[in-house]
Amino acid sequence: MTRQSPASARGIATTAGGAFAAFYSFYAAAPSALADDGPGSGARVAIVMLIVVAVQPFVPLLSRWPTSRRRMVSAAVVSMGAGSAVMPLAGHWPGMVLLGAGFGGFVVASTAWVKEAAPAELLGNALGLYGFGSAIGGALGAPLGLWLAQTFGIHGVALAGALLAAASLLPARRTAEPEGGASADGGDARGGPPDSAARPRPWGWGDLMGLGAHLLAVTVYASVLSGLSAEPDDRRAWLPVLAAFAIQSALAAGRMIGGRAANRWTSFNVGLLSFALLALGAVGIALSALPAQLLAAGVVVGFASGASQIVALTVLMNRANTAAAVNRASAAWNICFDVGLGLGALAVGVTIAA
């Protein structure tokens, strides 16, 4: 089995940071940049997210054609950059479709690339670094997009998104593929030569429990983030902005530390500790009355959720023994993440309405 240098994991993580920054610059900017366009900015963002989720289950089908993971990731980033560049044109629809489709393909292909580029004994570290890069990209891209939308409108957001996507191509193109033919052709997912006799392992209770834990962790994190953003007290107008950055940064730290911990201890023990912290943070949110208390509890939730997410991903990827199985695990994890974001926002909406 080919050993990849830490530079491979860093290159993929850097690419993820740029791609997530490009996507979240649009995601955060859409409410203000597209406010005057029908059918409404909220509906447009929802459509983009539907495209993102709809594309992900089809990425594993690409395993039928021999192509490198770097090419898949690069093609997805090119789609994102093109979508950002043409966003001001034709009522924004071509840009939104290209951006959503590119991002949906990117998250599945890039997560799978981490698995293929990392030695098995360092998989948790590599996934944690990838999770850190993507979370930091989102944390920086969201406020950048919001500022650009308020200052320059959709043209500023489009230019920034295109530049961020183009910049994220550079580390992807410089990241070496594993020697021995690791690819999306159904061969050995750990960098060895393709094995035509390999068959994907069937999913067991451990995989399903990992996905369920991941979904719950994302839902709690999303509900806390959305709940703080919906804070009605004008005296706390600073809280949503600070909370968004602090919780997202804590999520990034949790992913990196959770990945490292999963390499040193059993995934069950790390996951159990992460869920204990998640419950503690959720209780803190429910009982807190002061802004500082809410912020501190939110940081705990962000950190614990990030660790839980990466532990679940590590469990899934450790069991994936072919490139097709890696694709399937990556798609399932990313779909659960997007569904969890929706469930968290829905839970907050129901609570406020009640």
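Here is what the cut-offs are and how they apply
- Residues numbered from 1 in each chain as written.
- Predicted model: local features only at pLDDT ≥ 70, side-chain atom pairs only at ≥ 80, totals over all residues.
- Heavy atoms only, no water.
- Helix = DSSP H or I, 4+ residues; strand = E, 2+ residues; numbered from the N terminus.
- Buried < 20%, exposed > 50% of the residue type's maximum accessible area, 1.4 Å probe, protein only.
- Contact = heavy atoms within 4.5 Å.
- Areas by Shrake-Rupley, 256 points an atom, 1.4 Å probe, with all protein chains shown as cover.
- Phe/Tyr/Trp six-rings, centres within 6.5 Å; stacked < 30°, edge-to-face > 60°.
- Salt bridge = Lys/Arg side-chain N within 4 Å of Asp/Glu carboxyl O.
- Axes fitted to C-alpha atoms, helices over the stretch in contact; angles between N-to-C directions.
- Nonpolar A, V, L, I, M, F, W, Y, C, P; charged D, E, K, R; others polar.
- Core = buried A, V, L, I, M, F, W, Y, C linked by side-chain atoms within 4.5 Å.
- Parallel < 35°, antiparallel > 145°, perpendicular 65-115°, else oblique.
- Left-handed = near helix turned anticlockwise from the far one by under 90°.

Asks: For this particular structure, what's the right way to read the overall build of the protein?
Replies: Broken down by element type, the protein carries eleven helices and zero strands. Walking the protein from its N terminus toward its C terminus, one meets helices and strands in the order α-α-α-α-α-α-α-α-α-α-α. With 354 residues in all, the protein has 52% of them scored as buried. Sequence separation of at least 24 residues holds for 80% of the intrachain contacts in the protein that already meet a minimum separation of 6. Total accessible area on the protein is roughly 15000 Å²; 70% of this is exposed by carbon and sulfur atoms.

Asks: Looking at this structure, how should I read the packing of aromatic side chains?
Replies: Scanning all chains against the criterion turns up nine aromatic pairs. Residues Phe20 and Tyr24 carry aromatic rings whose centres are separated by 6.2 Å and whose planes lie at 15° to one another, so their mutual orientation is stacked. Of this pair, Phe20 and Tyr24 both sit in helix 1 (residues 6-33), four residues apart, which is roughly one turn of that helix. Taken individually, Phe20 and Tyr24 each receive the classification buried, so the pair is uniform in this respect. With 4.0 Å between their ring centres and 5° between their planes, Phe23 and Phe103 make a pair best called stacked. Placement of Phe23 in helix 1 and of Phe103 in helix 4 (residues 93-117) is noted, with a sequence separation of 80 residues between them. Taken as a pair, Phe23 and Phe103 share a single burial class, namely buried.

Asks: Is there a simple way to think about the pattern of salt bridges in this case?
Replies: Enumeration according to the criterion identifies two salt bridges in this entry. Ionic pairing is found between Arg69 and Glu116, a salt bridge with its closest N-O pair at 2.7 Å. Placement of Arg69 in helix 3 (residues 69-85) and of Glu116 in helix 4 is noted, with a sequence separation of 47 residues between them. What makes Arg69 buried here is its relative accessible area of 0%. The partner of Arg319 in a salt bridge is Asp207, with the nearest N and O atoms 2.8 Å apart. Placement of Arg319 in helix 10 (residues 291-319) and of Asp207 in helix 7 (residues 205-229) is noted, with a sequence separation of 112 residues between them. By relative accessible area, Arg319 is classed as partly exposed at 33%.

Asks: Looking at this structure, how should I read the environment of Leu313?
Replies: Take Leu313: it is sitting in helix 10. The class for Leu313 is buried, based on a relative accessible area of 0%. It is 9.4 Å that separates the C-alpha atoms of Leu313 and Asn334, two residues lying 21 residues apart in sequence. For Leu313, the contacting residues outside a window of four places in its chain are Thr111, Leu127 and Trp333.

Asks: What exactly am I supposed to notice about the packing of helix 5 (residues 123-152) against helix 6 (residues 154-174) here?
Replies: The geometry of helix 5 relative to helix 6 is characterised by a closest axis approach of 6 Å and an angle of 145° between their N-to-C directions. On helix 6, the residues that touch Leu144, Gly145, Leu148, Ala149 and Phe152 of helix 5 are Ile154, His155, Gly156, Val157, Ala160 and Leu164. Classifying every residue of the contact of helix 5 with helix 6 by side-chain character gives eight nonpolar, three polar and no charged.

Asks: Which parts of the structure should I look at to understand the nonpolar core?
Replies: Nonpolar side chains in soluble globular proteins tend to be buried together. The biggest cluster of nonpolar side chains holds 62 residues, and the ones touching the most others in it are Phe20, Phe23, Phe26, Met80 and Phe106. Where this core is concerned, the elements lending two or more residues are helix 1, helix 2 (41-55), helix 3, helix 4, helix 5, helix 6, helix 10 and helix 11 (323-353). Excluding its chain neighbours within four sequence positions, the residues that come into contact with Phe23 are Val48, Met49, Val52, Met80, Leu99 and Phe103. Core analysis: the second largest hydrophobic core is formed by 15 residues, Ala135, Leu225, Ile247 and Val301 among them.

Asks: Explain the packing of helix 9 (residues 267-287) against helix 10 here, please?
Replies: Pairs of packed helices are described in terms of their axes, by the angle between the two and the distance that separates them. Interhelical geometry of helix 9 versus helix 10 gives an angle of 155° and a closest axis separation of 8 Å. Classed by the angle they form, the pair helix 9 and helix 10 counts as roughly antiparallel. For the crossing formed where helix 9 meets helix 10, the hand is left-handed. In this structure, helix 9 contributes Ser267, Val270, Gly271, Ser274, Phe275, Leu277, Leu278, Gly281, Ala282, Gly284 and Ile285 to the contact, and helix 10 contributes Leu294, Ala297, Gly298, Val300, Val301, Phe303, Ala304, Ser305, Ala307, Ser308, Val311 and Val315. Taken together, the residues that form the contact of helix 9 with helix 10 break down as 15 nonpolar, eight polar and no charged.

Asks: Honestly, unusual backbone geometry in this entry has me stumped. Any pointers?
Replies: Both trends apply: most residues other than glycine have a negative phi, and most peptide bonds are in trans. A positive phi angle, close to 50°, is found at Ala90, a residue other than glycine. Topologically, Ala90 is positioned in the loop between helix 3 and helix 4. The phi angle at His92 is positive, at roughly 75°, despite the residue not being glycine. Structurally, the position occupied by His92 is in the loop between helix 3 and helix 4.

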